[in-house]
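The lines below spell out each chain.
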Amino acid sequence: MTKPPPASAPTAADTDLMLVERTVAGDQKAFELLVLKYQRRIERLIGRMVRDVDLVEDIAQETFIRAYRALAQFRGEAQFYTWLYRIAVNTAKKALGDLKRDPLVSETALRGGGDEEDETSAVENELTTAETPETVLAAKEIAAAVNSAMDALPEELRQAVTLREIEGLSYEEIAEVMNCPIGTVRSRIFRAREAISARIKPLLENQSGKRW
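Attention here is on the structure that accompanies the text. (Residues numbered from 1 in each chain as written. Predicted model: local features only at pLDDT ≥ 70, side-chain atom pairs only at ≥ 80, totals over all residues. Heavy atoms only, no water.)

Counting 44 residues, the largest nonpolar core has Tyr38, Ile42, Ile46, Phe80, Trp83 and Leu163 as the members making the most contacts within it. Among the secondary structure elements, those contributing two or more residues to this core are helix H1 (12–24), helix H2 (28–50), helix H3 (53–70), helix H4 (80–101), helix H8 (155–166), helix H9 (171–178) and helix H10 (182–208). With 12 residues, the top contributor of residues to this core is H4. Leave out the neighbours within four places in its chain, and Phe80 touches Asp16, Val20, Leu34, Tyr38, Leu71 and Phe74. Ala149, Met150, Val161 and Ile200 belong to the second-largest nonpolar core, a separate cluster that totals 10 residues. (Core = buried A, V, L, I, M, F, W, Y, C linked by side-chain atoms within 4.5 Å. Buried < 20%, exposed > 50% of the residue type's maximum accessible area, 1.4 Å probe, protein only. Helix = DSSP H or I, 4+ residues; strand = E, 2+ residues; numbered from the N terminus. Contact = heavy atoms within 4.5 Å.)

The subject of this paragraph is H8. With 12 residues, H8 should cover 16 Å at 1.5 Å per step; its first-to-last C-alpha distance of 16 Å lies within 8% of that length. All of the buried residues along H8 are Leu157, Arg158, Gln159, Ala160, Val161, Thr162 and Leu163. Following H8 by one or two positions, Gly168 has its phi on the positive side, about 75 degrees. (Expected span 1.5 Å × (residues − 1).)

Written out as structure tokens, the structure is:
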């Protein structure tokens, strides 16, 4: 008698779908697990769009509330996180529209304040050897240039490159989140990379000419 083949380990998508089904069936803890799993990623995505640390948490909370209300409509035809990202993008867009209609809601959002630590800290953490005041300063200048270049991008380009480079989504997933053809996604990411490269290239050339 032959043994049945071992069952394959459940994938992240299987786990998410199982948690969705448990939530719809009335298991509140299941949804809390989904929130714990994706909260930081959703907040990071929203932070790239809204650029106001005071609003990120509120918009993330609204995202999860909307997702909870719409869970019964989720059929598992797409990855759960791409479905959730799409809700986050739409919620953040609505918040941006509200800010433009009522700028008194949060002036820092319209000034583009706040989230300058991501690239800076990432670059600084890599400077574990041969670290000097000059190399630290150079890293901060490059990180600031990346942030500035991201801020200057049109909204759709910034969303596309954030989803690709920071969140690690595939082109197909980004097309689903942004509700556009995959060719448009490729074009937006290419243009975003070109714009960022143009900003940091002079800094890199300047630093490469120095001897530390």
